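Per-entry structural report
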Amino acid sequence: TLTYWADENTDRVLRLGSWSWEIPPGVFQAFNSAFIIILTPILVRVFAWLRERNIEPSTPAKIGIGMVLTAASFVIMMVASWLGGNTGKVSMLWLIGCYFVITIAELFLSPMGLSMVTKLAPRRMTAMMMGIWFIATAIGNKLSGSVAGFWEKWRHSEFFFLMVVMSLVAAALLVSQ
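Okay, so let's go over this structure. (Residues numbered from 1 in each chain as written. Predicted model: local features only at pLDDT ≥ 70, side-chain atom pairs only at ≥ 80, totals over all residues. Heavy atoms only, no water.)

This part takes up the overall build of the protein chain. The secondary structure content of the protein chain amounts to 6 helices and 4 strands. Beginning at the N terminus, the succession of helices and strands in the protein chain can be written as α-β-β-β-α-α-β-α-α-α. Dimensions along the principal axes, computed over C-alpha positions, put the protein chain at roughly 60 × 35 × 25 Å. Counting the 177 residues in the protein chain, one finds 33% classified as buried. Considering only contacts within the protein chain whose residues lie at least 6 apart along the sequence, 69% involve residues at least 24 apart. If you sum the accessible surface of the protein chain, you get close to 10600 Å²; carbon and sulfur atoms cover 69% of it. Within the protein chain, one finds 13 positive and 9 negative side-chain charges whose respective centroids are separated by 12 Å. (Helix = DSSP H or I, 4+ residues; strand = E, 2+ residues; numbered from the N terminus. Buried < 20%, exposed > 50% of the residue type's maximum accessible area, 1.4 Å probe, protein only. Contact = heavy atoms within 4.5 Å. Areas by Shrake-Rupley, 256 points an atom, 1.4 Å probe, with all protein chains shown as cover. Lys, Arg positive; Asp, Glu negative; His and termini not counted. Charge placed at Lys NZ, Arg CZ, Asp CG, Glu CD.)

Structure below.
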């Protein structure tokens, strides 16, 4: 849906004087990869700094923080939807900001989840449990495709609100464990 947003609701034209270039919608997905490359070493250093001071959050807490950050990224898109009247075009900075925050969330979720699986699984079952982690990820991706069906039926702000609520519910479930 973020690519749909880039195509339909983002002002993708870069202008410098008389020169202009329209960025293809798929190019915005590259921000996620670039942010992963840029932010991973920074986040590793932040966690090391926190660990030295004995204030590093636990792995489940990091995953919960990741889900809250996921919700925050969709709040950015919800606000952008309101500002664009749910159908108009807004600055590409909204989408780039969303990718920035959701990438930080991803860095709190994916490596932490993999780490938790390797720590908690019995040694002889580690590979199988990693496979289950990836199957769960695949199921989540399939379900996200199902939820994307609401994109055409709902106003964009309502769709992103659903994403916020689902992310916060997941965070609450993680915290309650």
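We now examine the environment of K119. Inspection of the secondary structure puts K119 in helix 4 (residues 92-120). Of the residues examined, K119 reaches a relative accessible area of 59% and is grouped as exposed. For the pair K119 and F134, spaced 15 residues apart in the sequence, the C-alpha separation amounts to 16 Å.

Looking at chain direction, strand 2 (residues 13-16) and strand 3 (residues 19-22) are connected through 4 bridges and run antiparallel. From the neighbouring strand, V13 faces strand 3, where its bridge partner is E22. (Pairing = 2+ DSSP bridges.)

What follows concerns the nonpolar core. Among the nonpolar cores identified, the biggest contains 33 residues, and L2, W5, F28, M77, L95, Y99 and F160 are the most heavily contacted of them. At the level of elements, helix 1 (2-9), helix 2 (30-52), helix 3 (59-83), helix 4 and helix 6 (156-176) are the ones that each hand at least two residues to this core. A per-element tally of this core places helix 4 first, with 9 residues. Apart from residues no more than four positions distant in its own chain, F28 is found in contact with A6, T10, R12, I23, M92, L95, I96 and Y99. (Core = buried A, V, L, I, M, F, W, Y, C linked by side-chain atoms within 4.5 Å.)

With 29 residues, helix 4 extends 41 Å between its outermost C-alpha atoms, agreeing within 8% with the 42 Å of an ideal straight helix rising 1.5 Å per residue. For helix 4, the N-terminal capping position is held by S91, with its side-chain oxygen 3.1 Å away from the main-chain nitrogen of L93. (Expected span 1.5 Å × (residues − 1). Polar contact = N/O pair within 3.5 Å; in protein donor to acceptor, adjacent residues only side chain to side chain.)

The tally for this structure, following the rule as stated, stands at 7 salt bridges. A salt bridge links E22 to R12; the shortest N-O distance between them is 2.9 Å. With E22 in strand 3 and R12 in the loop between strand 1 (10-11) and strand 2, this residue pair connects regions lying 10 residues apart in the sequence. On the basis of relative accessibility, which here comes to 8%, the residue R12 falls in the buried class. (Salt bridge = Lys/Arg side-chain N within 4 Å of Asp/Glu carboxyl O.)

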